Amino acid sequence: MKYLGNVVNAYKIILRDYIKSGMTIVDATCGNGNDALFLKQSITETGRLYAIDIQREAIESTRRVLESNGYTESDTLILKQCSHENFYFLESGEQVDLVIYNLGYLPKGDKKITTHFESTLKSLVSALQCIKCGGLILILCYRGHEQGELEFRHIEPFLAELPQGEFDVLKMAFINQLNKPPVMWIVEKKSQK
Ligand SMILES: C[S@@+](CC[C@H](N)C(=O)[O-])C[C@H]1O[C@@H](n2cnc3c(N)ncnc32)[C@H](O)[C@@H]1O
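Just so we're clear, the structure is a prediction, and the values are computed from it rather than from any experiment.

Peer 1: For this particular structure, what's the right way to read the site of the ligand?
Peer 2: Every one of the 21 residues lining the ligand counts as a neighbour, but Thr-29, Asn-32, Asp-35, Asp-53 and Gln-55 are closest to it. Between the ligand and Asp-35 there is a distance of 2.5 Å, counted from a nitrogen atom to a side-chain nitrogen or oxygen. Protein chains shield 95% of the accessible area of the ligand, which is 610 Å² for the free molecule. Residue composition of the shell around the ligand, by class: seven nonpolar, twelve polar and two charged.

Peer 1: It is not clear to me how the packing of helix H2 (residues 34-43) against helix H3 (residues 56-67) should be interpreted in this structure. Could you clarify?
Peer 2: Two quantities define a packed helix pair, namely the angle between the helix axes and the distance between the axes. Close contact between H2 and H3 brings their axes to 9 Å; oriented N to C, the two are set at 40°. With respect to their mutual orientation, H2 and H3 come out oblique. When you trace H2 past H3, the crossing you get is right-handed. In contact with Ala-36, Leu-37 and Lys-40 of H2, H3 contributes Thr-62, Val-65 and Leu-66. Grouping the constituent residues of the contact of H2 with H3 by class yields four nonpolar, one polar and one charged.

Peer 1: What should I look at first to understand the pattern of salt bridges in this one?
Peer 2: Side-chain pairs of opposite charge can arise whenever the charged atoms involved come near each other. Under the defined criterion, the tally for this structure stands at 13 salt bridges. The residue Asp-110 makes a salt bridge to Lys-112 at a minimum N-O spacing of 3.9 Å. On the basis of relative accessible area, Asp-110 is assigned to the partly exposed category, the value being 33%. Lys-112 sits in the exposed class, given a relative accessible area of 70%. Taking the shortest distance from any N to any O, the salt bridge between Glu-149 and Lys-180 comes out at 3.6 Å.

Rules behind the numbers
Residues numbered from 1 in each chain as written. Predicted model: local features only at pLDDT ≥ 70, side-chain atom pairs only at ≥ 80, totals over all residues. Heavy atoms only, no water. Near = heavy atom within 4 Å. Polar contact = N/O pair within 3.5 Å; in protein donor to acceptor, adjacent residues only side chain to side chain. Areas by Shrake-Rupley, 256 points an atom, 1.4 Å probe, with all protein chains shown as cover. Nonpolar A, V, L, I, M, F, W, Y, C, P; charged D, E, K, R; others polar. Axes fitted to C-alpha atoms, helices over the stretch in contact; angles between N-to-C directions. Helix = DSSP H or I, 4+ residues; strand = E, 2+ residues; numbered from the N terminus. Parallel < 35°, antiparallel > 145°, perpendicular 65-115°, else oblique. Left-handed = near helix turned anticlockwise from the far one by under 90°. Contact = heavy atoms within 4.5 Å. Salt bridge = Lys/Arg side-chain N within 4 Å of Asp/Glu carboxyl O. Buried < 20%, exposed > 50% of the residue type's maximum accessible area, 1.4 Å probe, protein only.

Following this line, the structure appears as structure tokens:
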């Protein structure tokens, strides 16, 4: 396996360093559950994972992947079929360490059911409101399909406008790949001085 190779490998390198046992994470697009499994293994039993997807098929896939690895639904593993626009699934006043978006459509699923920039932007506003100081929001955006390119064009200026005093925003991409390589942004909420 390559060290970098693709944005998923790259985000895992960063998150392996960042994630600690016991953290609270929202996987806002859990899809087939691959990211969710990595996240749950990283936070261990004591950490709480919310795995969210708009499609029942995705929630069922995620449940299967997690269960076959010994993780069943509980107070620390919450699977929810809903849109990620509002974070109503969190407990009142709950703050989280990480929100992750792996945007686009379900691999091997219906390509018409994809994330859209309007709802993704609403969701980012929700995520910004519940992220802890020192917490991260990580967004993977695939520009090779129409909605993905639209998301890129709307998300980038939105993130670029976040106040520097409150947030750091990093952008990563493979700049020598053909066509439109995926982009990863990481938002870090700064600690209060
Ligand atoms: C690229 S897939 C995610 C891949 C996944 N993280 C994995 O490890 O397999 C994107 C997912 O976003 C979901 N999605 C689309 N719109 C959504 C929304 N408004 N709220 C939550 N999930 C959404 C799709 O159903 C799809 O499963």
